[in-house]
Amino acid sequence: GIGTAGRALQQRIGVLAFAGYLTEDRRYFDQAKAIMLAAARQTEPTNRTHWVTHLQYSDAAQAFAIGYDWLQPFLSEDERTEIRAEIAQFGDLLFTDETVWGTSDPGVSSSNHNSVHFGALGLCALALGDRPEWLAHATERVRAYFRHFIDETGYATEGHQYLAYGLLGALPFAHALERSGGPDLVAEQPAFARTSDQVLWSLLPTGGRMLPMND
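Everything in this summary refers to the structure shown in the same document.

Calculation rules
- All residue numbers refer to positions counted from 1 along the written sequence of the respective chain.
- Given that the model is predicted, a residue must reach a pLDDT of at least 70 before its local features are reported, and side-chain atom pairs must reach 80 or more before they are shown or counted; all residues, however, enter totals for whole chains, interfaces and linings.
- The basis for every side-chain value is the complete set of heavy atoms in the structure, and neither hydrogens nor water enter the calculation.
- In this description, a nonpolar core means a group of buried Ala, Val, Leu, Ile, Met, Phe, Trp, Tyr and Cys residues linked to one another through side-chain atoms lying within 4.5 Å.
- Three labels apply to residues, based on accessible area from a 1.4 Å probe with only protein chains included: buried if under 20% of the type maximum, exposed if over 50%, partly exposed otherwise in between.
- Here, two residues are considered to be in contact whenever any of their heavy atoms come within 4.5 Å of each other.
- Exposure above 30% relative accessible area and no salt bridge define the residues that can form patches, which grow by joining like charges within 9 Å and nonpolar side chains of Val, Leu, Ile, Met, Phe, Trp and Tyr within 5 Å.
- Computed with the Shrake-Rupley method and a 1.4 Å probe, the accessible areas treat only the protein chains shown as cover for residues.
- Salt bridge, as applied in this entry: a Lys or Arg side-chain nitrogen positioned within 4 Å of an Asp or Glu carboxyl oxygen.
- For helices the rule is a DSSP run of H or I covering at least 4 residues; for strands it is a run of E covering at least 2, with both sets numbered from the N terminus onward.
- Simply put, an axis is a line fit to the C-alpha atoms, just over the touching stretch for a helix, and the angle between two N-to-C directions goes from 0 to 180 degrees.
- Comment on the angle field: the value is read as roughly parallel under 35 degrees, roughly antiparallel over 145, roughly perpendicular from 65 to 115, and oblique elsewhere.
- A clockwise turn of the near helix away from the far one marks a right-handed crossing, whereas an anticlockwise turn of less than a right angle marks a left-handed crossing.

Right, let's get into the nonpolar core. By size, the foremost hydrophobic cluster in this structure holds 55 residues, and its most contacted members are Leu 9, Phe 64, Leu 71, Ile 83, Ile 87, Phe 146 and Phe 149. If sequence neighbours within four positions are ignored, Phe 149 has contacts with Ser 110, Tyr 155, Ala 156, Thr 157, Leu 163, Leu 167, Gln 189, Phe 192 and Thr 195.

Take a look at the structure:
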């Protein structure tokens, strides 16, 4: 539904572009490009009827930033300008939005709301390449997420489901930041490797009922 509109855009653009690179079939790139341009032309980042909360427009911002990066070879100069303008609008919204999720508090920092919001801001900054203040703030907030999102055993403070959503916001930015010459935020969290152990080996078959800690 509309509550996951941004995530749907992520999935459509991301999967199609990824399939294009895997298969070298131009049709996947063309379809991803068509969806990205249609979304840019039919919606506005500030439209709260469509992008209902900051999670929706954070997901949408990530979709445009990654889509711009992956689909650049298939965009005309005018289309690149159009998508950059959309990314700039989303990024400005994420940077200036007065939200509790920018608060420097362990309970706030460990939330998926923090990583999804500021991971998207960081990707917008990297895509545009000329917003150092966005990049610095995103790096600070995603670093805080990695510092607090798990305990020393690797167990996620929000439980396993929101661990997945939180990392969906944080990891694309963290890896892109490292590749661009920035710090390795993942390596700064010593218990990170234990997270996969928790998910793959320590998770009991409880029918989807997990215990969120300190959420």
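Let's shift gears to a nonpolar patch on the surface. Side chains of Val 199, Leu 200 and Trp 201 sit close together on the surface and give an oily, nonpolar patch of about 380 Å² of accessible area. Within the secondary structure, Trp 201 is located in the segment after helix 9 (192–200).

Once that is clear, we can look at the packing of helix 6 (residues 112–128) against helix 8 (residues 159–179). Where helix 6 contacts helix 8, the two axes come as close as 8 Å, and the packing angle between them is 25°. The orientation of helix 6 relative to helix 8 falls into the category roughly parallel. As helix 6 runs across helix 8, the sense of the crossing is left-handed. Residues Asn 112, Ser 115, Val 116, Gly 119, Gly 122, Leu 123 and Leu 126 of helix 6 pack against Tyr 162, Tyr 165, Gly 166, Gly 169, Ala 170, Pro 172, Phe 173, Ala 176 and Leu 177 of helix 8.

A word on the pattern of salt bridges. For the coordinates displayed, the defined rule picks out 8 salt bridges. A salt bridge links Asp 25 to Arg 27; the nearest nitrogen and oxygen atoms lie 2.7 Å apart. Judged by its relative accessible area of 19%, Asp 25 falls in the buried class. You can call Arg 27 exposed: its relative accessible area is 62%.

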